[in-house]
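The lines below spell out each chain.
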Amino acid sequence: MFQYGHQENVSIKSLTLINTPQEEASCCHSISFKYLCSSSRFHRESWLARVYVPRRFSHGARSSLYEHVREGYSDKPELDMRAVCEETDKVIANVENRKGDLRGDDVRAIVCVWQELQAVRMEISGLEAQKRHVSDTVKDFLVGKPLLPEYTQALQKGREIRSRLNQLYPRETELDQEHYGRALRLPNTTHPAVPVGAENQAKVLELVGQKPEFDFKPRGHIELGEELGLFRQRHLAHVSGHRSYYLRGAGARLQTALQNFALDTLQRRVTVTFPPSFFPCFLVFFLWLQEGCGMQPNAHRSQVYSLDQTRFPDLNLAGTGEVGVAGYFMDHAVNWKDLPVRTACSSTCYRAETDTGRETWGLYRVHHFNKVEMFGVTADETGEESAQLLEEFTSLQKEMFSALELHYRVLDMPTQELGPPAHRKYDIEAWMPGRDGYGEISSGSNCTDYQSRRLNILYERENGSLRYAHTVNATACAIPRTIIALLETHQTKEGTVRVPRALQSYLGLEVIETPKYAPLKYIGPNQHKRPPRPAPKAR
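Here goes a summary of the coordinates provided. These numbers were taken from a predicted model, which means no experiment stands behind them. (Residues numbered from 1 in each chain as written. Predicted model: local features only at pLDDT ≥ 70, side-chain atom pairs only at ≥ 80, totals over all residues. Heavy atoms only, no water.)

With that out of the way, let us pick up the packing of aromatic side chains. This structure, assessed with the given rule, holds seven aromatic pairs. Ring plane angle 20 degrees and centroid distance 6.1 Å describe the contact between Phe329 and Phe375, whose orientation is recorded as stacked. Pair noted here: Phe329 is in helix H13 (residues 321-329) and Phe375 is in strand E10 (residues 368-378), with a separation of 46 residues, a long-range link. For Phe329, a relative accessible area of 7% puts it in the buried group. Residues Trp431 and Tyr438 carry aromatic rings whose centres are separated by 5.1 Å and whose planes lie at 75 degrees to one another, so their mutual orientation is edge-to-face. In this structure, Trp431 and Tyr438 share a single accessibility class: buried. Taken together through their ring pairs, the aromatic side chains of Tyr328, Phe329 and Phe375 make up a single cluster. Over the ring of Trp431 we find Lys211; its NZ or CZ atom is 4.0 Å from the centre of that ring. (Phe/Tyr/Trp six-rings, centres within 6.5 Å; stacked < 30°, edge-to-face > 60°. Helix = DSSP H or I, 4+ residues; strand = E, 2+ residues; numbered from the N terminus. Buried < 20%, exposed > 50% of the residue type's maximum accessible area, 1.4 Å probe, protein only. Lys NZ or Arg CZ within 6 Å of the ring centre and 35° of its normal.)

Right, here's the structure in full:
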């Protein structure tokens, strides 16, 4: 079974597939009037099955989500176009306050395309109603009545209707494609309390803890990590390129300890709603799923690792666990009694990070890292449920970072830092003494119904009706950046690192000390005094 533009199922066996203009002309010429005046649904779907749909739309924007839907794998996204048409100026202001290439003229074009699409659909609906009436008239004439002039007029009327519908069906398909290609790029609405502007306009909501004080010059995490044998970044360009790293010894154990600490904290806080059956680590996603989450991988190729497109078209390495968990709920409805649903995912994330020269060294901005992600699905009865869940997720983040004895601040991020899916976004930045500044270690976003309308995530109300859910996501623990904050905050004058009490049982250490073994010695090329190579073995 396949689904087309009107979300009706049709068996492929009932369709006439036409590949060439000659075949189309021959087939259309041979169709008798009884097929013209038969079920409009059959004729309409037959036409849609014959229309060639290009991979790229006429205006140049491609929607992999629309292509996925067109193949019948999911229902069409149900975008709130009424709000866009009735409050166009408000939508334009929202778009222009955000970062991206979408502007006011693009919004006006979206409205124009949508209005033309609705006009075409209304005309099609009216013609199909006329066609059914003509069909009934012809049937009456054929049941024992003489062939009157009205019969010939009905035949002619039917031909005219068919001719017009044959013009409208491909136009409807073309406009439908263009509508989704444009409208899916619109961002979410913005909470009225969100600051307008760039990153420097972020509002500090809360400062937690005290900045650590040292009677010595604090070291950065790179120096600490190398001396303590926790990780290695040097001499890896020939292995896996820049921004790569090895975690080793206590560093590798620290990654596992932080991951388990985060998962256990979530389960202890809300045992019922953060069940122990966590989602697996997904490594690859289709482009359409990322687009359904509001991400635009084609617009940000510098952040995306793509697989070989000749073998795995439209597959990317996962940049965040949020996408995989959203895919779990896609095309499903949650029972209202189970709301809000809170889930956790531990995954490896991959970021290309090729668009910036910042943080080229160290663990702050790397190509791959492990992360524990929270994802929530909630109701939309009062409009406040998702806002409350975002506050709950932020409270969980604060509990974990306070237990790790970090100094941090909570920020209400401005419009240019929201990203398309976020209605409101909180960032948490920890103080990193080696950087002599704050660095982002976590974030959380309220996406309202933005993702659920694109991915068909719904909930079933008590009366059995369905409504689009709201989604919320937040980082519980991004491992490398949390390691930076821990090492730089809890370092000692002796060069060791004190382990926070909450983490000691997970790591099995109270203090991270210099390992007893000697570090590896680099003997490769590009050094001033390279040691001589081994002499040939004597025979």
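Right, picking up where we left off after that structure.
Note that an α-helix has 3.6 residues per turn; residues three or four places apart therefore point the same way. Taking 1.5 Å of rise per residue, 20 residues should cover 28 Å, and helix H11 (residues 250-269) covers 28 Å from first to last C-alpha, within 8% of that figure. Residues Ala250, Gly251, Leu254, Gln255, Ala257, Leu258, Gln259, Phe261, Ala262, Leu263, Thr265 and Leu266 constitute the buried set of H11. (Expected span 1.5 Å × (residues − 1).)

Time to look at the sheet that holds strand E16 (residues 470-478). Strand order in the open sheet formed by seven strands is E3-E11-E12-E13-E16-E10-E9, and the pairing between neighbours is antiparallel. Both outer strands of the open sheet, strand E3 (203-208) and strand E9 (341-350), are each paired with one neighbouring strand and no more. On average, each strand axis in the sheet is inclined to that of its neighbour by 25 degrees, with strand direction left out of account. With ten bridges connecting them, E9 and E10 associate as antiparallel partners. Looking at E10, one finds that Ser346 is bridged to Val372. Sitting on the sheet, H11 is in contact with E9, E10 and E16, with an inclination near 10 degrees to E10. The strands touched by H13 are E9, E10 and E16; relative to E9, the strand with the most contacts, the crossing angle is about 135 degrees. (Pairing = 2+ DSSP bridges. Axes fitted to C-alpha atoms, helices over the stretch in contact; angles between N-to-C directions. Contact = heavy atoms within 4.5 Å.)

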